[in-house]
Amino acid sequence: MKDVVIGLDIGTSSVKAAGFDRDGRLLARAATPIVLHSPAPGWAEQEPGDWWQAACTVLKAILKEFDPGRVAG
């Protein structure tokens, strides 16, 4: 049964993921930090590849907590 939804939050300091069932119960969550580069005063930069790697990391972590076949979206 496809009864799990996953939320993914890509922020400036971390990437977070959470899986919920249809009743809104939290099944799993994970977070990992991402680096903010400041190559010059007033600058703030991030590497898109870091976002991708962090997203893969948190998704793999939460998918260990329930059957991936349950994911609806």
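Placed above this text is the structure.
Residues numbered from 1 in each chain as written. Predicted model: local features only at pLDDT ≥ 70, side-chain atom pairs only at ≥ 80, totals over all residues. Heavy atoms only, no water.

**Section: the sheet that holds strand 3 (residues 26-33)**
Then comes step 1: If you walk across this open sheet you meet the 3 strands as 1-2-3, and the pairing is antiparallel. The two strands at the open ends of the sheet, each matched to only one other strand, are strand 1 (4-10) and strand 3. Here the average twist between neighbouring strands, direction ignored, is 10°.
Then comes step 2: By the bridge criterion, 7 bridges tie strand 2 (residues 14-21) to strand 3 in an arrangement that is antiparallel. The residue of strand 3 that forms the bridge with serine 14 is proline 33.
Then comes step 3: On top of the sheet, helix 1 (residues 48-63) reaches strand 1, strand 2 and strand 3; it is set at about 30° to strand 2, its chief contact. (Pairing = 2+ DSSP bridges. Helix = DSSP H or I, 4+ residues; strand = E, 2+ residues; numbered from the N terminus. Axes fitted to C-alpha atoms, helices over the stretch in contact; angles between N-to-C directions. Contact = heavy atoms within 4.5 Å.)

**What about the pairing of strand 2?**
Then comes step 1: In terms of burial, strand 2 is a largely internal element, 6 of the 8 residues being buried.
Then comes step 2: As paired elements, strand 1 and strand 2 share 7 bridges and run antiparallel to each other. Bridge pairing in strand 2 places leucine 8 opposite alanine 17.
Then comes step 3: Counting the residues between successive antiparallel strands, the hairpin from strand 1 to strand 2 contains 3 residues.
Then comes step 4: The turn linking strand 2 back onto strand 3 is made up of 4 residues, and glycine 24 within it adopts a positive phi angle of 85°. (Buried < 20%, exposed > 50% of the residue type's maximum accessible area, 1.4 Å probe, protein only.)

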